[in-house]
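Chain by chain, the residues:
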Amino acid sequence: MLSARYTAMDQRSHWNSVFKKDRSRFGDKPSEFCRFCCEIAKTAGYSDLLELGAGQGRDSCFLSAEGFKVTAVDYSKVSCSQLEERFPDLTVLRRDIREGLDLPEDSFDLCYSHMLFTMDFREKELRKVAKELSRIIRGDGMIMFSVRTKYDKCYGLGENLHEDVWEYNGFAVRYFSEEDLNIISDGFEVLRTDRFGEDGRDLFGVVLRVLPQDGKRRASHPGSLPDISRVPGPRG
């Protein structure tokens, strides 16, 4: 049950405060999940990349340096300001994805998102975001995302806000079972699911393919999609 004292704005304010106090909250090196996704995206020959939940840009900067044209999205005004200041070559958009992305149809080859969908979202909001991504990402493009699992040591700690979202030490986190991943993956082809660890967190990493449709623009890659099963998984 949702706490009477809790609102979604609390989390936005909390993240603004976190990013203001520490300009490198998660460090400056890219996440291992980002390295894994980058390898797949480069093998596929993609170029236009949408990152959701870019935070302070540790993955955005790496992906840009690897040759991708990155559009970085976050809802924190503090992190967006830091991104624009530190990485002027990035396109930075301040958006709350619950309210829509307001981006053109078929405008990106892939979407990358590390631990955003594991934040304070209801199932209906995640399904809405997935539907929006099916519009924005080109046919034969990919959606790559990570979320915390119900095997995580923090699952069930703190206050249950709603559904499988728990607030612990000020952070609201949604936890996923293997079956719960269908909330996001319904309507896409699941190419790969990995379970891995990062900084004590237990995570699922998922790679989806956007199915081509008549009239839908195709992603920019040099032919058929590669076999990504041979790419080594994220290292914890």
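Scroll up to find the structure this text is about.
Described in the following lines is the structure provided in the data block.

As for the pairing of strand β9 (residues 189–198)
Here β9 runs beside strand β10 (residues 201–209); their pairing, made up of nine bridges, is antiparallel. Paired with R195 across the two strands is F204, which belongs to β10. Between β9 and β10, which follow one another and run antiparallel, lie two residues, and D199 among them has a positive phi close to 50°.

With respect to helix α5 (residues 123–136)
If you check α5, its first and last C-alpha atoms are 20 Å apart, about what 14 residues at 1.5 Å a residue would give, namely 20 Å. Where α5 is buried, its residues meet β1 (48–52), β4 (108–114), β5 (137–149), β8 (171–176) and α6 (182–185).

Focus on the packing of aromatic side chains
The full count for this structure, using the stated rule, is six aromatic pairs. With a centroid separation of 6.1 Å and 35° between ring planes, the pair formed by F33 and F36 is classed as tilted. Residue F33 and its partner F36 are located together in helix α2 (residues 32–44), separated by three residues, close to a single helical turn. A single burial state applies to F33 and to F36, both of which are buried. A centroid spacing of 6.3 Å and a plane angle of 80° characterise the contact between Y155 and W166, whose relative ring orientation is edge-to-face. Taken together, the residues Y155 in the loop between β5 and β6 (159–162) and W166 in strand β7 (residues 165–168) connect sequence positions eleven residues apart.

With respect to the pattern of salt bridges
Summed over the entire model, instances satisfying the criterion amount to 22 salt bridges. A salt bridge links K42 to E66; the shortest N-O distance between them is 2.7 Å. Placement of K42 in helix α2 and of E66 in the loop between α3 (58–65) and β2 (69–74) is noted, with a sequence separation of 24 residues between them. Look at E66 and you get partly exposed, because its relative accessible area is 31%.

Looking at the nonpolar core
Counting residues in hydrophobic clusters, the biggest one holds 32 residues, and the most contacted among them are I40, Y46, L63, F68, M142 and M144. Mapped by element, the contributors of at least two residues to this core are α2, α3, β2, α4 (77–86), β4, β5 and β10. Per-element tally for this core: the top contributor is α2, with eight residues. If you look at the next biggest cluster of nonpolar residues, it comprises 30 residues, including L116, L133, I137 and V210.

Notes on the environment of E105
Positionally, E105 belongs in the loop between β3 (91–94) and β4. In this structure E105 comes out as exposed when scored by relative accessible area, which is 51%. Sequence separation between E105 and C38 is 67 residues, and the spatial gap between their C-alpha atoms is 23 Å. Those residues in contact with E105, other than ones at most four positions away along the chain, are R135 and I136.

Cut-off values and rules
- Residues numbered from 1 in each chain as written.
- Predicted model: local features only at pLDDT ≥ 70, side-chain atom pairs only at ≥ 80, totals over all residues.
- Heavy atoms only, no water.
- Pairing = 2+ DSSP bridges.
- Helix = DSSP H or I, 4+ residues; strand = E, 2+ residues; numbered from the N terminus.
- Expected span 1.5 Å × (residues − 1).
- Contact = heavy atoms within 4.5 Å.
- Phe/Tyr/Trp six-rings, centres within 6.5 Å; stacked < 30°, edge-to-face > 60°.
- Buried < 20%, exposed > 50% of the residue type's maximum accessible area, 1.4 Å probe, protein only.
- Salt bridge = Lys/Arg side-chain N within 4 Å of Asp/Glu carboxyl O.
- Core = buried A, V, L, I, M, F, W, Y, C linked by side-chain atoms within 4.5 Å.

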